[in-house]
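These are the residues of each chain, in order.
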Amino acid sequence: MQVSVRDNNVDQALRVLKKKLQREGVFREMKLRRSYEKPSERRARERAEAVRRVRKMERKRKEREGSN
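Along every chain, residues carry numbers that run from 1 in the direction the sequence is written. Note on the predicted model: pLDDT of at least 70 is required for a residue's local features to be given, and 80 or more for side-chain atom pairs to be given and counted; whole-chain, interface and lining totals, by contrast, use all residues. Working from all heavy atoms in the structure, the side-chain values ignore hydrogens and water.

So, about the overall build of the chain. Only DSSP runs of H or I with at least four residues qualify as helices, and only runs of E with at least two residues qualify as strands; both kinds are numbered from the N terminus onward. Summing up its helical and strand segments, the chain has three helices and zero strands in all. Secondary structure elements of the chain, listed N to C terminal, follow the sequence α-α-α. Relative to its length of 68 residues, the chain is extended, with a C-alpha radius of gyration of 18 Å against a globular reference of 11 Å. Projecting the C-alpha coordinates of the chain onto the three principal axes gives extents of approximately 45 × 45 × 15 Å. Think of it in three bands: residues with accessible area under 20% of the maximum for their type are buried, residues over 50% are exposed, and the middle band is partly exposed, with areas taken using a 1.4 Å probe on protein chains only. Per-residue burial for the chain yields a buried fraction of 3% across its 68 residues. Computed over 24 positive and 11 negative side-chain charges, the separation of the two mean positions in the chain equals 2 Å. Just to be clear, the radius of gyration here is over C-alpha atoms, and the globule rule we use is 2.2 Å times residues to the power 0.38. Charged residues are defined narrowly, with Lys and Arg counted positive, Asp and Glu counted negative, and His plus the chain ends left uncounted. Throughout, a charge is located at the NZ atom of Lys, the CZ atom of Arg, the CG atom of Asp or the CD atom of Glu.

This part is about the environment of Glu 37. Among the secondary structure elements, Glu 37 is positioned in the loop between helix 2 (26-33) and helix 3 (39-67). Those residues in contact with Glu 37 that lie beyond four places of it in its chain are Arg 42 and Arg 45. Definition of a polar contact: a pair of N or O atoms within 3.5 Å, with one able to donate and the other able to accept a hydrogen when the atoms are protein atoms, and with sequence-neighbouring residues admitted only if both atoms are side-chain atoms. At 2.8 Å, the side chain of Glu 37 and the side chain of Arg 45 are in polar contact. By the convention used here, residues are in contact when the closest approach between their heavy atoms is within 4.5 Å.

This part takes up the pattern of salt bridges. Salt bridges are identified by distance alone: a Lys or Arg side-chain nitrogen within 4 Å of an Asp or Glu carboxyl oxygen. Within this structure, the stated rule accounts for seven salt bridges. A salt bridge links Arg 61 to Glu 58, with the nearest nitrogen and oxygen atoms 2.6 Å apart. Within this pair, Arg 61 and its partner Glu 58 are both found in helix 3, separated by three residues, close to a single helical turn. For Arg 61, a relative accessible area of 32% gives the class partly exposed. Each of Arg 28, Glu 37, Arg 45 and Glu 49 takes part in a single network of salt bridges with overlapping partners.

Here we take up a positive patch on the surface. A cluster of like positive charges, contributed by Arg 55, Lys 56, Arg 59, Lys 60 and Arg 64, occupies part of the molecular surface. Inspection of the secondary structure puts Lys 60 in helix 3. Relative accessible area serves as the criterion here: at 45%, Lys 60 is assigned to the partly exposed category. Exposure above 30% relative accessible area and the lack of any salt bridge qualify a residue for a patch; like charges then connect within 9 Å, and the nonpolar side chains Val, Leu, Ile, Met, Phe, Trp and Tyr within 5 Å. All accessible areas in this document rest on Shrake-Rupley with a 1.4 Å probe, and a residue is counted as covered only by the protein chains that are shown.

Next up on the list: unusual backbone geometry. Non-glycine residue Asp 7 carries a positive phi angle of around 55°. Within the secondary structure, Asp 7 is located in the segment before helix 1 (10-24). A residue is classified by how much of its surface remains accessible, and Asp 7, at 79% relative accessible area, is exposed. Backbone geometry places Asn 8, a non-glycine residue, at a positive phi of 55°. Mapped onto the elements of the fold, Asn 8 is located in the segment before helix 1. For Asn 8, a relative accessible area of 75% corresponds to the exposed category.

All right, on to the confidence of the model for the chain then. Detailed reading of predicted coordinates is not advised where the pLDDT is low. Per-residue pLDDT for the chain averages 93, and the proportion of residues at 70 or more is 97%. For every residue, the predictor assigns a confidence score, pLDDT, that lies between 0 and 100. Across the chain, element-level confidence peaks in helix 1 with a mean pLDDT of 95 and bottoms out in helix 2 with 93.

In structure tokens, the structure reads:
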């Protein structure tokens with residue numbers, strides 16, 4: 001990953017880098033890898049995340065349909 005520094009504005013480049021890392025999920029991955037996660041816990045977490053994702057998409061879909 002690369003970020004260019006323009007006009008010696010390091011703060012701006014740092015903000016852009018952080019945003020890119022956040023979008024890629026690097027911070028989240030680092031947090032998950034901080035400690036060992038049992039395979040059963042991983043499956044449960046991934047299942048719960050999938051359920052949350054589906055419910056959020058349903059909520060958004062209903063919201064769009066309701067506003068039309």
